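Topology and contacts: notes
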Amino acid sequence: MKDLSKKKYFGRERKEFIFFICLIALPLAQFCVFYIGVNFNSILLTFRNYDYDTGYSFAGIANIVRVVKNLFMDATLKYAVRNSLLTYAVTLVVGTTLALVFSYFIYKKMPLADLYRITLFLPSVLSSIVMVLLFKYFCEEAIPEICKLLTGKEIGGLLSSSDTALPTLLFYLVWTGFGTQVLMYTGAMNNISESVVESARLDGATPLREFVFITLPMIWPTFITFIVVGIAGIFTNQLNLYSFYGTAADNSLYTIGYYLYRATQQGKLPEYSYLSAMGLIFTLIAMPLTFAVKHFLERFGPKTE
């Protein structure tokens, strides 16, 4: 009887193990092929060149040298690097600050808090293409008409003018980025113990002091997550350029993410080695920077103990 029970137990374990293997086999295979395989091949491609007659050949660090030279000499790449850093700075300083303020506003259930919640999260619910079309129509058609009615002056669309295109795109990026941040920050704030908040109130803490000394330290891990993810995405953020302009965006609006996406989409086999080298260089820049900022924020950030 005991042997029969053992056989049943091990038989059930074997079936569960086979089921588990079948369950993870497909996603694991996809991860190996489309992530590990693709990225490993991209690294190899950095050190190779392609010729239609002879095929692939070893190129050493020629592609890396070419990328480094172009970063200092190519005007489009200069714009791309500048705009990528500017995009991150604006989302960090303006976007994160406003997201924290709005989240605290909603967390405290101040007047119109639910309206703010819906308005800020709406861009995350609607299709990005729908949002882009609506925003583009508003900037290109509605605002010039409103300006003409109010002032009598005729102005061009905000996205069509070189003076206003970049600020308009940055505004759209910050606005559409509120949804996830507000959701996560509000969720983290709602997990703060009510006894801690009540204790601060009894000690005479103002809303500002409560936010700085109670709320922010308690949601610090969530704050670190957004900062670190933002740094990791400095060189992949496209500033929604493809959604607004397709492949026809002005060079002065380029970001590194848009440059790589556009070049990869329109490029041919001989150009992929150069693009792989560029991707590798920016990865080697972003990776240590990401870990360094994470370590700094965890070590010197506010403590809740």
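Below or above, wherever it landed, is the structure these notes cover.

About the thresholds
Residues numbered from 1 in each chain as written. Predicted model: local features only at pLDDT ≥ 70, side-chain atom pairs only at ≥ 80, totals over all residues. Heavy atoms only, no water. Core = buried A, V, L, I, M, F, W, Y, C linked by side-chain atoms within 4.5 Å. Buried < 20%, exposed > 50% of the residue type's maximum accessible area, 1.4 Å probe, protein only. Helix = DSSP H or I, 4+ residues; strand = E, 2+ residues; numbered from the N terminus. Patch = residues over 30% accessible without salt bridge, like charges linked within 9 Å, V, L, I, M, F, W, Y side chains within 5 Å. Areas by Shrake-Rupley, 256 points an atom, 1.4 Å probe, with all protein chains shown as cover. Salt bridge = Lys/Arg side-chain N within 4 Å of Asp/Glu carboxyl O. Pairing = 2+ DSSP bridges. Contact = heavy atoms within 4.5 Å.

The subject of this paragraph is the nonpolar core. Grouped together as the largest cluster of nonpolar side chains are 63 residues, with contacts concentrated most on Leu169, Met189, Ile219, Leu241, Phe244, Tyr245 and Met278. Per element, the largest residue contribution to this core is 10 residues, and it comes from helix H3 (residues 75–107).

Attention now goes to a nonpolar patch on the surface. A cluster of nonpolar side chains, namely Phe121, Leu122, Val125, Leu126, Val130, Leu134, Leu183 and Met184, defines an oily patch on the protein surface of about 690 Å² accessible area. Broken down by secondary-structure element, the contributors of at least two residues to the nonpolar patch are helix H4 (113–125), helix H5 (128–151) and helix H7 (178–190). Looking at the nonpolar patch, the element that brings in the most residues is H4, giving three residues. Of note, Val130 is situated in helix H5.

On a regular strand, one side chain projects to one face of the sheet and the next to the other, so that they alternate. Relative to strand E2 (residues 55–58), strand E1 (residues 48–51) runs antiparallel, the two sharing four bridges. When the sheet's bridge partners are listed, Asn49 is paired in E2 with Ser57. Where E1 hands over to E2, the hairpin turn is made up of three residues, counted between the paired strands.

Turning next to unusual backbone geometry. Even without a glycine there, the phi angle at Lys109 is positive, about 55°. Mapped onto the secondary structure, Lys109 falls in the loop between H3 and H4. Phi at Asn240 takes a positive value of approximately 60°, unusual for a residue other than glycine. One can find Asn240 in the loop between helix H10 (220–232) and helix H11 (241–245).

Here Val67 shows up in helix H2 (residues 62–73). Excluding residues that lie within four positions of it along the chain, Val67 makes contacts with Tyr274, Ala277, Met278 and Ile281.

Note that every value here comes from positions in space, so none of it alone points to a role or purpose.
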